[in-house]
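Topology and contacts: notes
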Amino acid sequence: MSKLKFFIAVITILILSTCVTSRSSDDPDALGTVGTPNANIAVDVDTRYQYVRGFGGMDVGWGNFPRTTARDTELMYNPDTGLGLNILRIMIMPGNTNIDATLTSMINGTRPDYYENVRIVNRHGGYVLASPWSPPAAWKSNNHTRGDGRLRPEHYQDYANYLKAFAANMQRNGAPIYAISIQNEPNYQVTYDGCLWSPQAMRDFFKQVGRFTEGVAGYGGGREMPYVLTMNGESANHPNINDAALNDPQSRAVIDLIGRHTYGDRLNRYALAIDHPTDPKEVWMTENNINSGNEAYYHLDSTWNYVWMFMNDVDLSIRLNHESAYIWWAAKRFYSFIGDDQWETDDGVILPRGYGVSHYAHFAKEMYRVNITSSGTTAGGDNLTTSNFNRRVYDRNDITAKVTAFVSPDGNTISFVMFTPTLASGEGGVDMGTIRLQLPEGFIIGSAAAMRTRRNNYAQWEDVVICDDRNSALVLLPRGNIYSVRFTRLIEE
């Protein structure tokens, strides 16, 4: 399928909850039909975790990466005819101290769609994060954009003004942004564009310059905001480089969002940001990349079985780390959401990982993640435990079944994202059989919509089997499937 036509199909079917399971004996991956449930998953909407703002990818500004065209962005961010992503991360390139000149050069060069891509995301009600890789060389200790230098303290205010000028330029050109960070990976020394920051330097920067974006209107979620939000330096690996800034009341007060990456020390729920009693912060996972790491295997990164390590990575951020956003590196790449005409991918064509993230984008964005409880067995009769269901540790090759639930802020919509991964070889995985999804007492289902993705059948909308109590539904979840469903409450006139 070269282009996906998404539509929101709202289908409600009332039946008795007695069905007969049918599964082809010669095809273990055959879908079959729902039957008598062997497992029960109940939603606890009173136990809310993080607000999930959304999902997206990055438009990499370097010239050796493929151009992300306006058509590409529309395909990924349109909620009706595309993948439904809603967060775009863009690079602030380290040119000279005149950000306007740097942007003009960039747009006249390798990134002619820079403004238009932001406009498209904004038109669809999304959010744009801008991330710098280095301050201008003139303000750094090494007089170079290379990553072994540091921003000199006497230029803290110059740098803050530079970032504010970037935000103002975007606004003038009809492409206002939602948030801006001060540094990509301040705790990781690189030979390319970068800058090292100590925890104390990040704290002192914010204490000196304050919320430096005030006076430049931001835009996100379909509405104008008083100012562009500020983000800390987006840490590589463990986010504790932010401890000093968050432990200081003055600097904490002017940091709006916490960004982190999950390349090395991945499993970290950053409680210092999330759990503060009076000033909690959304934590955004703003970059990760999983590819085979060897050109001999690059052609596999766009294949179906390699979707699972990506889905496990999203699950790490959303379920285990309680993060509010998941942003993948290089939205357009052979290992990403749409192809780039390399390694057996077609330019601008949706890849399996794009279909995978679309489940989260359509069913989990701008909702609260909530608690679930489970009981019963797998289809094979094994009791549900962390050895086969919602494992509490991270492993990119984990093949236990995953289920997360979400509720809208008004409580009138409940959704589930579920998947049953296999190994990259296609082997292993858990057949969850027929599951009864039990909604909270008093939630009467008015309508429902479901989408399933499996090998060679991507993003197929399905009927939903609603039980006769209209407070529960039956779903089928064999191995190797991604299945998402949304329930909308019946509102009496």
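On a predicted model such as this, the values are computed, not experimentally measured, just so you know. (Residues numbered from 1 in each chain as written. Predicted model: local features only at pLDDT ≥ 70, side-chain atom pairs only at ≥ 80, totals over all residues. Heavy atoms only, no water.)

**A short note on the overall build of the protein chain**
Threshold: Numbering of helices and strands runs from the N terminus, with a helix taken as a DSSP run of H or I at least four residues long and a strand as a DSSP run of E at least two residues long. A radius of gyration in this sense is built from C-alpha atoms; the matching globule rule multiplies 2.2 Å by the number of residues raised to 0.38. Throughout this description, buried means an accessible area under 20% of the type-specific maximum (1.4 Å probe, protein chains only), exposed means over 50%, and partly exposed covers the range between. Residues count as neighbours in contact if any of their non-hydrogen atoms are within 4.5 Å of one another. Accessible surface is estimated by sampling points in the Shrake-Rupley manner with a 1.4 Å probe; for residues, cover comes only from the protein chains shown. We count Lys and Arg on the positive side and Asp and Glu on the negative side, and we leave His and both chain ends out. The atom standing in for a charge is NZ when the residue is Lys, CZ when it is Arg, CG when it is Asp and CD when it is Glu.
Regarding its fold elements, the protein chain presents 10 helices and 21 strands. By the compact-globule yardstick of 23 Å for 493 residues, the protein chain fits well, its C-alpha radius of gyration being 23 Å. Principal-axis analysis of the C-alpha atoms gives the protein chain an extent of 70 × 50 × 40 Å. By residue count, 60% of the 493 residues in the protein chain fall in the buried class. In the protein chain, the proportion of contacts linking residues at least 24 apart, taken out of those at least 6 apart, comes to 75%. A total accessible area of about 18,000 Å² is found for the protein chain, and carbon and sulfur atoms account for 47% of it. When the 44 positive and 53 negative side-chain charges of the protein chain are each reduced to one mean point, those points stand 2 Å apart.

**So, the layout of surface pockets**
Here is the rule: Only protein atoms enter the calculation, which uses a 1 Å grid: trapped sets of points that fit a 1.4 Å probe without letting it out are cavities, open sets showing protein on both sides within 12 Å along at least five of seven lines are pockets, and any residue with an atom within 4 Å of a point is a lining residue. Grid points are joined across faces, edges and corners, and a volume is the space filled by probe spheres set on the points. Ten residues, namely Ala, Val, Leu, Ile, Met, Phe, Trp, Tyr, Cys and Pro, are considered nonpolar, four, namely Asp, Glu, Lys and Arg, are considered charged, and the remaining ones, Gly among them, are considered polar.
In this structure, the largest pocket encloses a volume near 340 Å³. Counting only elements with at least two residues in the lining of the largest pocket, the list comes to helix 9 (307-320), strand 13 (367-376) and strand 14 (402-407). The element contributing the most residues to the lining of the largest pocket is strand 13, with 5 residues. Residues that form the lining of the largest pocket fall into these classes: 8 nonpolar, 7 polar and 3 charged.

**With respect to the pairing of strand 14**
We count it as follows: Here, any two strands with at least 2 DSSP bridges between them count as paired.
Judged by how many residues are buried, strand 14 sits mostly within the fold: 6 of 6 residues are covered. Residues Lys402, Thr404 and Phe406 point to one face of strand 14 and Val403, Ala405 and Val407 to the other, with burial holding for every one of them. Bridge count for strand 13 against strand 14 is 3 bridges, and the pairing is antiparallel. Bridge pairing in strand 14 places Tyr368 opposite Val407. As defined by bridge partners, strand 14 adjoins strand 15 (residues 413-419) across 6 bridges and the pair is classed as antiparallel. From the neighbouring strand, Phe406 faces strand 15, where its bridge partner is Ser415. If you look at the hairpin formed by strand 14 and strand 15, you'll find 5 residues sitting between the two strands, and Gly411 has a positive phi there, around 80°.

**Describing the environment of Asp315**
Following the sequence through the fold, Asp315 ends up in helix 9. When the C-alpha positions of Asp315 and Arg89 are compared, they lie 20 Å apart, and in sequence the two are 226 residues distant. Contact partners of Asp315, with chain neighbours within four places excluded, come to Leu320, Tyr360, Lys402, Thr404 and Phe419.

**A word on unusual backbone geometry**
Even without a glycine there, the phi angle at His322 is positive, about 60°. Of note, His322 is situated in the loop between helix 9 and strand 12 (325-328).

**Description of the confidence of the model for the protein chain**
Filter applied, for reference: One number per residue, pLDDT, summarises how confident the predictor is, and it ranges from 0 to 100.
The pLDDT averaged across the protein chain works out to 93; a share of 94% of its residues lies at or above 70. The low-confidence segment residues 1-26, where pLDDT is below 50, has 76 contacts with residues more than four positions distant or belonging to other chains.

**A closer look at the nonpolar core**
Within soluble globular proteins, side chains that are nonpolar generally end up buried alongside one another. Basically, it comes down to this: Residues belong to a common nonpolar core when they are buried Ala, Val, Leu, Ile, Met, Phe, Trp, Tyr or Cys residues joined through side-chain atoms within 4.5 Å.
The biggest cluster of nonpolar side chains holds 99 residues, and the ones touching the most others in it are Ile90, Phe166, Ile177 and Phe205. With 9 residues, the single largest contributor to this core is helix 4 (residues 156-172). Other than its neighbours up to four places away in sequence, Phe166 contacts Ile90, Ile92, Ile99, Leu103, Tyr114, Ala130, Ile177 and Ile180. In this structure, Ala39, Leu384, Ala405 and Phe487 belong to the second largest nonpolar core, which totals 31 residues.

**Digging into the side chain of Ser251**
Applicable threshold: Definition of a polar contact: a pair of N or O atoms within 3.5 Å, with one able to donate and the other able to accept a hydrogen when the atoms are protein atoms, and with sequence-neighbouring residues admitted only if both atoms are side-chain atoms.
Residue placement: Ser251 occurs in helix 7 (residues 249-252). Here the side chain of Ser251 touches Ala245 through a polar contact of 2.5 Å, landing on its backbone oxygen. What Ser251 contacts, discounting residues up to four positions off in sequence, is Arg203, Phe206, Lys207, Ala244 and Ala245.

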